[in-house]
Amino acid sequence: MSNLNKFKSLRIEGFCNIKSLSYRLDRDGINVLRGENGIGKTQIYSSLSWCCFGKTLKKSNSPEPWDDKKGNNYRGTKVETDIFKNNSLYTIVRCKNYKGDIEGYPGKNRLLLYKDGKYLSKYRDTPDVQKAIIDLLGYSFIVFRNSIVFGQKLTRLIGESGPAKKEI
């Protein structure tokens, strides 16, 4: 079996304009996200980026929802993703000001890594967990972001020339 990563799923709670969403990332064939502007298509990828790297796709974005999107049941921000690699299922959980419990403790501002359903407690702090995640993925935030952003701007890049192409 290949040691390549295969993202399986994404679970989002209270991220930007997304109140709650579960999304399968392992569908066969080409998957297209379509919808009106501002509906949250880019936020799906941004939440995956934040979960894996602690950074949204845009530097200015905070993962917390806008005040008008929080609602009465808002418990904070939590994003989880499952990744299949080397015949094992890894789960990354990242929280920001999360009021729900995880592993019997308040979620708060935590980063957790699981392998085959077992919490990997061997990492002593968030930087250690983050390093383990980057080692697991095999690429940096910059490579991830550029692959997503380049894909979104590909049509504009192909259609431009000269200085405008360089700017894109």
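Residues numbered from 1 in each chain as written. Predicted model: local features only at pLDDT ≥ 70, side-chain atom pairs only at ≥ 80, totals over all residues. Heavy atoms only, no water.

Trainee: Requested: an account of the pattern of salt bridges, with residues and values cited.
Mentor: The full count for this structure, using the stated rule, is 9 salt bridges. A salt bridge links Glu 80 to Arg 11; the shortest N-O distance between them is 3.0 Å. With Glu 80 in strand S3 (residues 77-85) and Arg 11 in strand S1 (residues 6-15), this pair connects stretches of sequence that are 69 residues apart. With its nearest N and O atoms 3.6 Å apart, the salt bridge here joins Arg 124 to Asp 128. In the salt-bridge network here, residues are joined through shared partners; they are Arg 11, Lys 78, Glu 80 and Asp 82. (Salt bridge = Lys/Arg side-chain N within 4 Å of Asp/Glu carboxyl O. Helix = DSSP H or I, 4+ residues; strand = E, 2+ residues; numbered from the N terminus.)

Trainee: Give a description of the sheet that holds strand S7 (residues 111-115) that names residues and reports values.
Mentor: Backbone hydrogen bonds hold the strands of a sheet together, and the pairing may be parallel or antiparallel. With antiparallel pairing, 6 strands are arranged side by side in an open sheet as S2-S1-S3-S4-S7-S8. Of all strands in the sheet, those with a lone pairing partner are strand S2 (18-24) and strand S8 (118-119), marking the two edges. Relative to S7, strand S4 (residues 88-96) runs antiparallel, the two being bridged by 5 bridges. Among the inter-strand pairings, Val 93 is bridged to a residue of S7, identified as Leu 112. The strands that helix H1 (residues 41-53) touches are S1, S2, S3, S4 and S7; relative to S1, the one it contacts most, it runs at about 100°. (Pairing = 2+ DSSP bridges. Contact = heavy atoms within 4.5 Å. Axes fitted to C-alpha atoms, helices over the stretch in contact; angles between N-to-C directions.)

Trainee: Run through the pairing of S7, naming residues and quoting values.
Mentor: Working note: regular strand, side chains alternate between the two faces of the sheet. Counting buried positions over the 5 residues of S7 gives 4, a clear majority of the element. Here S7 runs beside S8; their pairing, made up of 2 bridges, is antiparallel. Paired with Lys 115 across the two strands is Lys 118, which belongs to S8. Linking S7 to S8, which pair antiparallel, is a turn of 2 residues; within it Asp 116 sits at a positive phi near 50°. (Buried < 20%, exposed > 50% of the residue type's maximum accessible area, 1.4 Å probe, protein only.)

Trainee: Give me the lowdown on the state of the cysteines, citing residues and values where you can.
Mentor: A complete count under the given rule lists 0 disulfides for this structure. Lacking any disulfide linkage, Cys 52 is separated from the closest cysteine sulfur, that of Cys 51, by 5.2 Å. With no disulfide of its own, Cys 95 lies closest to Cys 51 among cysteine sulfurs, the gap being 9.0 Å. (Disulfide = S-S within 2.5 Å.)

Trainee: Could you give an account of the pairing of strand S6 (residues 105-108), naming the residues involved and the relevant values?
Mentor: Judged from the 3 bridges that link them, strand S5 (residues 98-102) and S6 form a sheet pairing that is antiparallel. Each bridged residue has a counterpart across the sheet, and for Ile 102 the counterpart in S6 is Tyr 105.

Trainee: An account of the nonpolar core is requested, with residue identities and associated values reported.
Mentor: Residues Cys 52, Val 79, Ile 92, Leu 113, Ile 133 and Leu 137 are the most contacted members of the largest nonpolar core, which totals 27 residues. Of all the elements in the fold, those that place two or more residues in this core are S1, H1, S3, S4, S7, helix H3 (126-137) and helix H4 (141-159). Counting residues per element, this core draws most heavily on H1, at 6 residues. In contact with Leu 137, not counting residues within four places along its chain, are Asn 5, Phe 7, Cys 52, Phe 53 and Ile 83. In this structure, Val 93, Tyr 98, Ile 102 and Leu 112 belong to the second largest nonpolar core, which totals 6 residues. (Core = buried A, V, L, I, M, F, W, Y, C linked by side-chain atoms within 4.5 Å.)

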